[in-house]
Amino acid sequence: MIYLKTLLNVIDNSGAQVVECIKVLRHKPKSFGKIGDQITCVVKQARPQLDSFQNTQSNKVKRRDIVRGVIVRQKAPFRRKDGSVVRFDDNAVVLINKNGDPLGTRISSVVAKELKELNYNKIVSLAPKTF
Amino acid sequence: MLKSSSPIIKSSIIQSIRGFRYLKKELPTVYEGLQPKRNGKPVMEYIHQQMLAQHDPLGTRTKLINRETGLRSGDIIKVTYNDRTEVIGSVLAIKRGNLNLGHNILIRTKLNKVGSEIRIPLFNPNIRNIEILHKPEKYLPRHKLYYIRGTNKDVGDVETFVKKLEAKKHDKK
């Protein structure tokens, strides 16, 4: 159940760590976002930018940026078509651009299987595991 | 309709003893009772057994949820689906249905340090096999272990734990 003001973990290497949802896209005002939904969010906490001459870490986003993301894990239990019910321990998001490609180049933890059916194939192939 | 003989005789005997006879009307005829359906077995039990015969002909799944000999929360199981995908996890709770196929098993594991849970219907036809990988020597109290989430009693990475166990067994051999 992701809606206005929900804080989500970012699990890619785009530079953001925690984002806050400000809009669930293509939803009615009173409904909430679930796995596979796109959201607009604000970066609340980002990894510190390294010095310019070292230039080993390239953060694509910084604090207070408005970015788009896709929900990959949710805490609220959701039902699969075979009757099983899945739940994760946190709400997590992967940042994407407007075409649906991920901003980062790496994903650090599991994502839900549902993303494959929703044609987020790039996210699924980057992820170390699906559950 | 057939008039059966014996009940009428019985009633006539009773009436002769009574002494009072109802003169204005004829006595109503008494028929033999119908045969009980399903040999007198309750409907729900009968349907339940039919469903079990259809969905679990070998009785393996029913054995799993036996309260004495089957699974207990704390065990580690591996669920294999028909498309060869697997889920390994520690049992957190077993929900049992009454005279239906609504049993399900809640398993929990940690994947990349993220706790993930799945509640699997026991009689899902897409499930090929459910295997018990490990039974702990000492169980935690209670049958529903919801309270271990996020505490120091929480499950670890079950997959690596099972791999280590297998490696230990291999070394002993």
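Up top is the structure these notes are about.
Computed from a predicted model, the values in this text were never measured in an experiment.

**Q** Which residues make up the overall build of chain B, and what values do they have?
**A** Along chain B, the regular secondary structure elements total four helices and five strands. When the helices and strands of chain B are read in sequence order from the N terminus, they spell out α-α-α-β-β-β-β-β-α. Burial statistics for chain B: of 173 residues in total, 31% are counted as buried. Considering only residue pairs separated by 6 or more positions, chain B has 57% of its internal contacts joining residues 24 or more positions apart.

**Q** Residues and numbers for the side chain of Asp90(A), please.
**A** Along the chain, Asp90(A) turns up in the loop between β6 (85-88) and β7 (92-96). By relative accessible area, which is 15% here, Asp90(A) ends up buried. Only 2.9 Å separates the side chain of Asp90(A) from the side chain of Arg73(A), close enough to count as a polar contact. Each residue touching Asp90(A), except ones within four places of it in the same chain, is listed here: Asn9(A), Arg73(A), Gln74(A), Lys75(A) and Val114(B).

**Q** Give a description of the sheet that holds strand β4 (residues 66-73) of chain A that names residues and reports values.
**A** Residue and element names in this part refer to chain A. An order of β1-β2-β3-β4-β7 is seen for the five strands of this closed barrel, with the pairing classed as mixed. Between one strand and the next, the sheet's axes are offset by a mean angle of 55 degrees, whatever the strand orientation. The sheet contact formed by strand β1 (residues 7-10) and β7 spans two bridges and is parallel. Bridge assignment links valine 10 to a residue of β7, and that residue is valine 93.

**Q** Describe the packing of aromatic side chains, listing the residues and the values that go with them.
**A** All names here are of chain A. Here the structure, examined in full by the defined rule, presents one aromatic pair over all chains. With centroids separated by 6.0 Å and ring planes inclined at 70 degrees, the aromatic side chains of phenylalanine 88 and phenylalanine 131 adopt a geometry described as edge-to-face. With phenylalanine 88 in strand β6 and phenylalanine 131 in the segment after α2 (121-126), the pair connects residues that are 43 residues apart, well separated along the chain. You'll find phenylalanine 88 and phenylalanine 131 in the same group, each marked buried.

**Q** Let's hear about the pattern of salt bridges: which residues, and what values?
**A** Per the stated rule, a full pass over the model turns up 14 salt bridges over all chains. We note a salt bridge from Asp89(A) to Arg87(A), for which the minimum N-O separation is 3.1 Å. Classification of Asp89(A) by relative accessible area gives partly exposed; the value is 27%. Of the charged contacts, one joins Arg108(B) and Asp89(A) as a salt bridge, the two residues approaching to 2.8 Å between their closest N and O atoms. Here the residue Arg108(B) occupies a position in strand β3 (residues 104-111), and Asp89(A) occupies one in the loop between β6 and β7, the pair thus bridging two chains. Each of Arg87(A), Asp89(A), Arg108(B), Lys110(B), Glu117(B), Arg149(B) and Asp154(B) takes part in salt bridges that share partners, so that together they form one network.

**Q** Can you tell me about the sheet that holds strand β5 (residues 78-79) of chain A, naming the residues and giving the values?
**A** Pairing in this open sheet of seven strands is antiparallel, and the strands run β5(A)-β6(A)-β4(B)-β3(B)-β2(B)-β1(B)-β5(B) from one edge to the other. Edge positions in the open sheet fall to β5 of chain A together with β5 (127-134) of chain B, since each of these has one partner strand only. In the sheet, strand β1 (residues 76-81) of chain B pairs with strand β2 (residues 86-95) of chain B via five bridges, with the strands oriented antiparallel. In the sheet register, Thr80(B) faces β2(B), and the bridge partner there is Glu86(B). Running over the sheet, helix α4 (residues 158-172) of chain B touches β1, β2, β3 and β5 of chain B and is turned about 110 degrees from β2(B).

**Q** Mind laying out the interface of chain B and chain A, listing which residues take part and the relevant values?
**A** With 18 residues of chain B at the interface, the matching set in chain A holds 17 residues. Together, the buried faces of chain B and chain A total about 1,400 Å²; carbon and sulfur atoms form 54% of this surface. On the surface where chain B and chain A come into contact, there are five residue pairs in polar contact (both at pLDDT 80 or more). Examining the composition of the side of chain B that touches chain A, we find that eight residues originate from one element, strand β4 (residues 114-121) of chain B, more than from any other. Grouping the constituent residues of the side of chain B that touches chain A by class yields seven nonpolar, six polar and five charged. Two strands pair when backbone bridges link them, and β6(A) and β4(B) are joined in this way by four bridges, in the antiparallel orientation.

Thresholds applied
- Residues numbered from 1 in each chain as written.
- Chains lettered and ligands numbered in written order.
- Predicted model: local features only at pLDDT ≥ 70, side-chain atom pairs only at ≥ 80, totals over all residues.
- Heavy atoms only, no water.
- Helix = DSSP H or I, 4+ residues; strand = E, 2+ residues; numbered from the N terminus.
- Buried < 20%, exposed > 50% of the residue type's maximum accessible area, 1.4 Å probe, protein only.
- Contact = heavy atoms within 4.5 Å.
- Polar contact = N/O pair within 3.5 Å; in protein donor to acceptor, adjacent residues only side chain to side chain.
- Pairing = 2+ DSSP bridges.
- Axes fitted to C-alpha atoms, helices over the stretch in contact; angles between N-to-C directions.
- Phe/Tyr/Trp six-rings, centres within 6.5 Å; stacked < 30°, edge-to-face > 60°.
- Salt bridge = Lys/Arg side-chain N within 4 Å of Asp/Glu carboxyl O.
- Buried area = accessible area lost by both parts, 1.4 Å probe.
- Nonpolar A, V, L, I, M, F, W, Y, C, P; charged D, E, K, R; others polar.

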